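Spelled out from the first residue to the last, the chains are:
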Amino acid sequence: MINAKQNGDTLTVFLTGRISSVNAADVENEINAAISPQTYKELALDCSGLEYLSSAGLRIVLRLRKSHAAFKVINVSTEIYELFEMTGFTQMMDVQKACRELSVEGCEVIGEGANGRVYRIDPETIVKVYESSESLEDIQRERELARKAFIKGIPTAISFDVVRVGDSYGSVFELLNAESFANILIRDPGRLDELAGLFAGLLRKIHATEFAPGELPEAKSVTLRRIEILKPFLPAADFEKLVSLVSAIPDNYHMIHGDYHVKNIMLQGGEAMLIDMDTVCVGNPVFELGHMYNSLLGYSDVVRDNVLGFLGIPYETAEAFWNRALRDYLGTDDEDVFRSVEKKAKIIGYSRVMNRFIRHGCMDTPRSKAEIENCQRQFARLLPEVDELAL
C-alpha cells in the first residue's frame, strides 16, 4: 500500500516493504495513482520503511526522476544507499541517508540561538537540535554557511553528521573539551576582561572577512523588512527617521554572525570558536552590534533577570561585559566614541526587540505591552540624537 503526504509544494510518497520484479509493476501503478491527482512542485520518495529494492525497483525510481524536475529520495537505509551509490544514482539525483537516532536527555545545554539549542553529548561531541520538525533544509543551509565561513578562515565547528532527535533533527559537531564563554563567566567572573578581549578579537576577524555580492543574505534587507512591522506602533516621524537611517547604510559584503553572544562562542585550547551559524549574513557591523546589545542588555531592559535566564549571568555582569567587549572591539576607551556607537547599536537592537514582541504578543500581555512601550520611549530619545547608523 502506497501512502502519499503533501507538505507545501512537496509531495512525499512513502515506500514500504520489498520492491522486486514480482511486485514492481503493481508498486509503480500505485505510486502513479497516488501522485496523479495532486498538484505539487517537488516529489520525494521516503524510503524509511523500505527493506529491499531490486533492479526493477531502481527502474521505477529512474522513471520518476526523469518525469520530475524536482525530485529526491530520502531516509534511505545504509544498505539501500550503497545500492544507489554503486549504480550511480547518487550522481544523478538527490539521495539522502536515513538519520540515526540520538537522545539529548540529561545533556548539558551549552549554546542557544534563534532556531535551536546546542547540547554537549560527551567530551568530544556536541549537537545542535533545531526547534522545527521540518528543519532538514535549515540544517543543510547552516552547514553550507559554516563551510563558507570556515574556508574563509573563521574558526567554527563543521558538522559531520545529521541525526534525528525526538521529532526534530540535529547537526553533530566535534568540539573537544570546549566550553562556552557563558559557562566560564558563570564559574569564574574574574576572567571577564580576558573573555571580552577574545570575544572582541574574533568579532573583528569576522567583520574583516569579505564575501562576494549575493553569496550570503544581507542584514540590511532583513532589518528593513523587520522594521515595516513597527509602523503602526511608532509616531510617523520616528518611523520615517528609522527607515531613513537604515536605508542610508551603504551596502557592505563583510561577514556578520547574526547571533553573536557568549553562549555561541566557545573556548577551545585558548582559541575563541563560533557555533550556531544559521544566521550568518553580510552587512555593516552596526547590525551585529545591535544583536549583541540585545543579548546582553536590550532584552533585559524591562525584566532584568531575562539575561540570567538566557545566558546564565546576572545583569551587572552582562553590562560589564558589554562595556568591556565594545571598547575592545572599537580599540578605544574614549567615552564619546563608545556612547556614539552604543546609540547606533541600540537603535538596531530595539527595532528587533519591538518586532519580536509585536509578532509574539502585540499588546495582549502585560510583558509585551511593557516591552513595546519601552522601545517606543527608547526611539523617542535616541532617534533625534543620531544622524547616521553606519560604522
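Right above here is the structure, for reference.
Source: prediction; values computed, not measured.

Caption draft 1: Structural detail: unusual backbone geometry. Even without being a glycine, Asn 75 presents a positive backbone phi close to 55 degrees. Non-glycine residue Asp 276 carries a positive phi angle of around 60 degrees. Residue position: Asp 276 is located in the loop between strand 15 (271–274) and strand 16 (281–282). For Asp 276, a relative accessible area of 3% puts it in the buried group.

Caption draft 2: Just the packing of helix 8 (residues 219–228) against helix 9 (residues 236–247), in detail. The contact between helix 8 and helix 9 brings their axes to 10 Å, and the two run at 175 degrees. Our classification of the angle between helix 8 and helix 9 gives roughly antiparallel. Contacts between helix 8 and helix 9 pair Lys 220, Thr 223, Leu 224, Ile 227 and Glu 228 from the former with Phe 239, Leu 242, Val 243, Val 246 and Ser 247 from the latter. Grouping the amino acids of the contact of helix 8 with helix 9 by side-chain chemistry returns six nonpolar, two polar and two charged.

Caption draft 3: Up close: the packing of aromatic side chains. Tallying each qualifying case throughout the model produces five aromatic pairs. Ring centres 5.9 Å apart and planes at 70 degrees place the aromatic pair Tyr 293 and Tyr 350 in the edge-to-face group. Here Tyr 293 is found in helix 10 (residues 285–296), whereas its partner Tyr 350 is found in helix 13 (residues 335–360), with 57 residues between them in sequence. For the pair shown, Tyr 293 and Tyr 350 are each scored as buried. An aromatic cluster is present here, built from Phe 199, Tyr 260 and Phe 321 joined pairwise through their rings. The side chain of Arg 164 reaches across the aromatic face of Tyr 169, ending 4.3 Å from its centre. One Lys or Arg, Arg 356, reaches over the ring of Phe 357 and ends 6.0 Å from the middle of that ring.

Caption draft 4: Structural view of the sheet that holds strand 11 (residues 168–174). What the six strands build is an open sheet, ordered 6-10-11-9-8-7; its pairing is mixed. Two strands lie at the open edges of the sheet, namely strand 6 (100–101) and strand 7 (108–112), each paired on one side alone. Here strand 8 (residues 116–122) runs beside strand 9 (residues 125–130); their pairing, made up of six bridges, is antiparallel. Note that in strand 9 the partner of Arg 117 across the bridge is Val 129. Relative to strand 10 (residues 159–165), helix 5 (residues 136–151) is tilted by about 165 degrees, and along the sheet it contacts strand 9, strand 10 and strand 11.

Caption draft 5: View of the state of the cysteines. According to the stated counting rule, one finds zero disulfides in the structure shown. Between Cys 99, a cysteine without a disulfide, and Cys 47, which holds the nearest cysteine sulfur, the sulfur-to-sulfur distance is 13 Å. Residue Cys 99 is classed as partly exposed on the basis of its relative accessible area, which comes to 21%.

Caption draft 6: Representation of the pattern of salt bridges in the model. Counting across every chain of the model gives 18 salt bridges. Measuring nitrogen to oxygen at the nearest pair gives 3.0 Å for the salt bridge that ties Asp 278 to Lys 128. With Asp 278 in the loop between strand 15 and strand 16 and Lys 128 in strand 9, the pair connects residues that are 150 residues apart, well separated along the chain. Exposure class is identical for Asp 278 and Lys 128. Each is buried. Between Glu 179 and Arg 187 there is a salt bridge whose closest N-O contact spans 2.5 Å. It is possible to trace a salt-bridge network through shared partners that takes in Lys 128, Glu 142, Asp 276 and Asp 278.

Quick notes on the rules
- Residues numbered from 1 in each chain as written.
- Predicted model: local features only at pLDDT ≥ 70, side-chain atom pairs only at ≥ 80, totals over all residues.
- Heavy atoms only, no water.
- Helix = DSSP H or I, 4+ residues; strand = E, 2+ residues; numbered from the N terminus.
- Buried < 20%, exposed > 50% of the residue type's maximum accessible area, 1.4 Å probe, protein only.
- Axes fitted to C-alpha atoms, helices over the stretch in contact; angles between N-to-C directions.
- Parallel < 35°, antiparallel > 145°, perpendicular 65-115°, else oblique.
- Contact = heavy atoms within 4.5 Å.
- Nonpolar A, V, L, I, M, F, W, Y, C, P; charged D, E, K, R; others polar.
- Phe/Tyr/Trp six-rings, centres within 6.5 Å; stacked < 30°, edge-to-face > 60°.
- Lys NZ or Arg CZ within 6 Å of the ring centre and 35° of its normal.
- Pairing = 2+ DSSP bridges.
- Disulfide = S-S within 2.5 Å.
- Salt bridge = Lys/Arg side-chain N within 4 Å of Asp/Glu carboxyl O.

Purely geometric numbers; function is a separate question.
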